[in-house]
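Working through the structure, step by step
The chain contents come next:
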Amino acid sequence: MSSDEFDAYDFSEFTDQDLAAIDAELARAYGGPAIQIAIEDSPLHKFLSWKKHLAVTDLVSPIWCEVQYEYSLYGKRHKPLHLRPSAFTAKSGKQIRVHQHVAHANDRRLKRGKSVHKALEDELRPDKLIVRVASEEERFGLRLLQLLDGFSQLISDGITRELPVFAITHGQVVLGVIDEVLRLPLTHDQAISPRSPSSTPSGSPPKKKPRLLSLSMQQIYPSAVELPTATNAGGGAESANEEQYELRIVDYKTRRSSNLPLDEDSLSPRLQLMMYHRMLSSVLKPEAFDFDLLWSRLNLNPTEPFSSQFLKDIHWEERQVDPADCNVHLNRLVSEWISTVQRKSAGLIGISQQLQIVYCRSVYAGKRDKEKYKATETVHMDDPLEALVNQEELDLARAIELSLIEMGQQDAGHVAHLVAQNVKQVGLSSVGRTSAVWKDLVSPLDSGKTDPAVAWAIQQSLLTCARKAHAQVPANKLLAEAHDDPLFDETKPVVTKEQVQEGTTLDISPIIGKKEFKMNDDELDARIADVLQWWFGARPARGVDVGQTNRCFTCEYQDSCEWREQKAKESVALASDK
């Protein structure tokens, strides 16, 4: 065995868990391995190599359904509808057809969500600047300027929205934009209560503390396990009389349903907020951030001067700097950011481990049109259960029975009628929380006795019936979803800081409710590592489990989905073997 510089050290006292914990902390601090190679036909190489970075959505969106996300890359879903192909060739060579009606509905839903976010930002920043960028250096410089202005607004006003952040994690440069950050003063008891060193900042259950880990980590990277504080971020001792505060990260999601999603359906946004927490923690420790590595990864020249046009567009001469100094570049903005954090973060205890998602209705719900737009008088075609409850129970049972007979199910009639009865029993009361009952609908037998092959056959029948029901609903019964719906005015205010804290709403976008959860580094790292395996081509994309196939109803690739075809073939093969 070859020797190296570490042979002289005795690591025998460290367990495998201890070493894994050290590796994880180093990955968070330094961004993981310097080199990770994606195979040539991997999603990362094929679709994102030109960007040299990942967005937060690239890491969390595939968790809903990796197959759907991979198809969206091949199908150019990032482009306007009229520029997308009606069919495309998947990685396997199969032609995937796009269900145009579903694609249009999904696009309208996405635009509606963007309108809510735009309205939120416009509340705080009604005036916009048009900035022309002539280089990638200026593009990232604009991101730094938005970070500077957003942080200054946060400190002065107690709130900022659309705050850009960045980090290097798991060896990847990741960029993102936080919906909202609040500055929340701490009570006297909170301010004087020391943070327990034994509590995990991730909210995970306490673990056995590895021996010498704390000392080792402080020697390697002093701030790797600390939140930004007034001392380490501001560079000076905190005044005893200074108000102490923490930052709270908030994200907004819009829903057609008036119910909060289940935890399993909110996994992606929860991970999104966890990533924001990690990224904001990173940029608030700018003196420890490896900007040289960032510039290298993004292939940026940090000393390349910005153009005079760029400086004019950003009103550089009006900022609190020497207006005669036109030698402005990325390194100069980094120095400004470090100085800003040092000057303005006195009293900052850290970023709250408590994260919050605020769910809003994406349609008007004011008293004026309450009767006209009752939920019971409309059919929202983003929920298969709502379409199924409009079917006759006998028709539904017959459709399910035919599917089960085709695969050789002996008690097809009994199972089919049981499923149809269950659909009618859950009825409209379960619409909007279909995920909570779907698993039971596709697996109707007690004690988990439903064969997986039968469950896949049932879900296929249910989705087929739901699609047919959707096609039969009169157009005048469908709730208008057009982006220019007169009942949805994106120029009106949506929600304010006080409304988020108090849980009140405005008519234009009423708050359904809030989900709060704690930062969990262990869960975040595990999920990121797993999805990067797919991005780098180390494994194929995974589809949903049979209990989550209700998600397929709003998927524009359902008709050609290879994952569903594979599961159907497996079901037939299992039935044939019995």
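1. A short note on the pattern of salt bridges
Pairs may arise between side chains of opposite charge once their charged atoms sit close together. Scanning the entire structure with this criterion turns up 29 salt bridges. Residue arginine 84 pairs with glutamate 556 through a salt bridge whose shortest N-O separation is 4.0 Å. Note that arginine 84 is positioned in the loop between α4 (66-74) and β2 (87-89) and glutamate 556 in the loop between α20 (521-535) and α21 (562-577), a separation of 472 residues in sequence. Take arginine 84 and glutamate 556: they sit in the same class, and that class is buried. One salt bridge connects aspartate 122 with lysine 128, and the closest N-O pair in it is separated by 3.2 Å. Several salt bridges share partner residues, and in doing so they unite Arg77, Arg84, Asp107, Lys111 and Glu556 into one network.

2. Observations regarding the packing of helix α15 (residues 393-406) against helix α16 (residues 412-426)
One can describe the packing of α15 onto α16 by two numbers: an axis separation of 8 Å at closest approach and a directional angle of 140 degrees. By the angle class used here, α15 and α16 are oblique. Considering only the axes of α15 and α16, their crossing is right-handed. Contact with α15, carried on its side by Glu393, Leu394, Leu396, Ala397, Ile400, Glu401, Leu404 and Ile405, involves Ala412, Gly413, Val415, Ala416, His417, Val419, Ala420, Gln421, Val423 and Lys424 of α16 and no other residues of that element. Tallied by class, residues from the contact of α15 with α16 come to 12 nonpolar, three polar and three charged.

3. Overview of the nonpolar core
Formed by 121 residues in total, the largest nonpolar core has its most connected members in Phe140, Phe166, Leu280, Leu294, Leu462 and Trp535. Element by element, the count of residues in this core is highest for helix α18 (residues 452-472), at 11 residues. The contacts of leucine 294, once residues within four sequence positions are left out, are Phe140, Phe166, Ile168, Val173 and Phe289. If you look at the next biggest cluster of nonpolar residues, it comprises 10 residues, including Val116, Ile159, Leu182 and Tyr252.

4. Overview of the packing of aromatic side chains
Counted by the stated rule, this structure contains 15 aromatic pairs. Residues phenylalanine 47 and tyrosine 74 carry aromatic rings whose centres are separated by 4.9 Å and whose planes lie at 80 degrees to one another, so their mutual orientation is edge-to-face. Here phenylalanine 47, found in helix α2 (residues 43-48), pairs with tyrosine 74, found in helix α4; they are 27 residues apart in sequence, far enough to count as distant. Taking the relative accessible area as the measure of exposure, tyrosine 74 reaches 15% and is therefore buried. The interplanar angle of 90 degrees and the centroid separation of 5.5 Å between the aromatic rings of phenylalanine 140 and tryptophan 295 together place this pair among those described as edge-to-face. Highlighted residues: phenylalanine 140 in helix α6 (residues 136-157) and tryptophan 295 in helix α11 (residues 291-298), separated in sequence by 155 residues. Residues phenylalanine 140 and tryptophan 295 agree in their burial class; the two are buried. Taken together through their ring pairs, the aromatic side chains of Phe140, Phe166, Phe289, Phe291 and Trp295 make up a single cluster. The aromatic ring of tryptophan 64 is capped on one face by arginine 551, whose charged end is 3.9 Å from the ring centroid.

5. Topic: helix α17 (residues 434-442)
An α-helical turn contains 3.6 residues, so a residue and the one three or four places further along point in the same direction. Turning to α17, its buried residues are Thr434, Ser435, Val437, Trp438, Leu441 and Val442. Down the axis, α17 shows its buried residues gathered within 165 degrees of arc, on one side only. Residues of α17 that are buried sit in contact with α14 (384-388), α16 and α18.

6. Comments concerning the side chain of asparagine 550
As for its placement among the helices and strands, asparagine 550 is situated in the loop between α20 and α21. In this structure the side chain of asparagine 550 is engaged in a polar contact, spanning 3.2 Å, whose partner is the side chain of serine 435. Once residues within four sequence positions are removed from consideration, asparagine 550 is found in contact with Pro384, Thr434, Ser435 and Trp438.

7. Digging into α4
With nine of its nine residues buried, α4 lies for the most part within the structure. Among the residues making up α4, those that are buried are Glu66, Val67, Gln68, Tyr69, Glu70, Tyr71, Ser72, Leu73 and Tyr74. Two residues or fewer past α4, lysine 76 is found with a positive phi of approximately 55 degrees.

8. Structural notes on the confidence of the model for the chain
For the chain, per-residue confidence averages 78 on the pLDDT scale, and residues scoring 70 or more make up 71% of the total. Segment residues 478-497 is flagged for pLDDT under 50; beyond a separation of four residues in sequence, or across chains, it makes 65 contacts in the model. Ignoring residues within four places in sequence, the model shows residues 499-507, a span with pLDDT below 50, making 22 contacts including any to other chains.

9. Some words on unusual backbone geometry
Excluding glycine, most residues fall at negative phi; most peptide bonds, likewise, are trans. Positioned with a positive phi, glutamate 162 is a non-glycine residue whose angle comes to about 55 degrees. Here glutamate 162 shows up in strand β4 (residues 159-169). Unusually for a residue other than glycine, histidine 170 sits at a positive phi of about 55 degrees. Tracing the backbone through its elements, the reader meets histidine 170 in the loop between β4 and β5 (172-185).

10. A closer look at the packing of α4 against α20
α20 packs onto α4 with a crossing angle of 45 degrees between their chain directions and a minimal axis gap of 12 Å. Judged by the inter-axis angle, α4 sits oblique to α20. Judged by the sense of rotation from one axis to the other, the crossing of α4 with α20 is right-handed. Note on element contacts: α20 touches α4 through Asp530, Val531, Trp534 and Trp535, opposite Glu66, Tyr69, Glu70 and Leu73. When the residues that make up the contact of α4 with α20 are grouped by side-chain class, the tally is five nonpolar, no polar and three charged.

Thresholds, definitions, all that
- Residues numbered from 1 in each chain as written.
- Predicted model: local features only at pLDDT ≥ 70, side-chain atom pairs only at ≥ 80, totals over all residues.
- Heavy atoms only, no water.
- Salt bridge = Lys/Arg side-chain N within 4 Å of Asp/Glu carboxyl O.
- Helix = DSSP H or I, 4+ residues; strand = E, 2+ residues; numbered from the N terminus.
- Buried < 20%, exposed > 50% of the residue type's maximum accessible area, 1.4 Å probe, protein only.
- Axes fitted to C-alpha atoms, helices over the stretch in contact; angles between N-to-C directions.
- Parallel < 35°, antiparallel > 145°, perpendicular 65-115°, else oblique.
- Left-handed = near helix turned anticlockwise from the far one by under 90°.
- Contact = heavy atoms within 4.5 Å.
- Nonpolar A, V, L, I, M, F, W, Y, C, P; charged D, E, K, R; others polar.
- Core = buried A, V, L, I, M, F, W, Y, C linked by side-chain atoms within 4.5 Å.
- Phe/Tyr/Trp six-rings, centres within 6.5 Å; stacked < 30°, edge-to-face > 60°.
- Lys NZ or Arg CZ within 6 Å of the ring centre and 35° of its normal.
- Arc of directions from axis to C-beta.
- Polar contact = N/O pair within 3.5 Å; in protein donor to acceptor, adjacent residues only side chain to side chain.
- pLDDT = per-residue confidence, 0-100.

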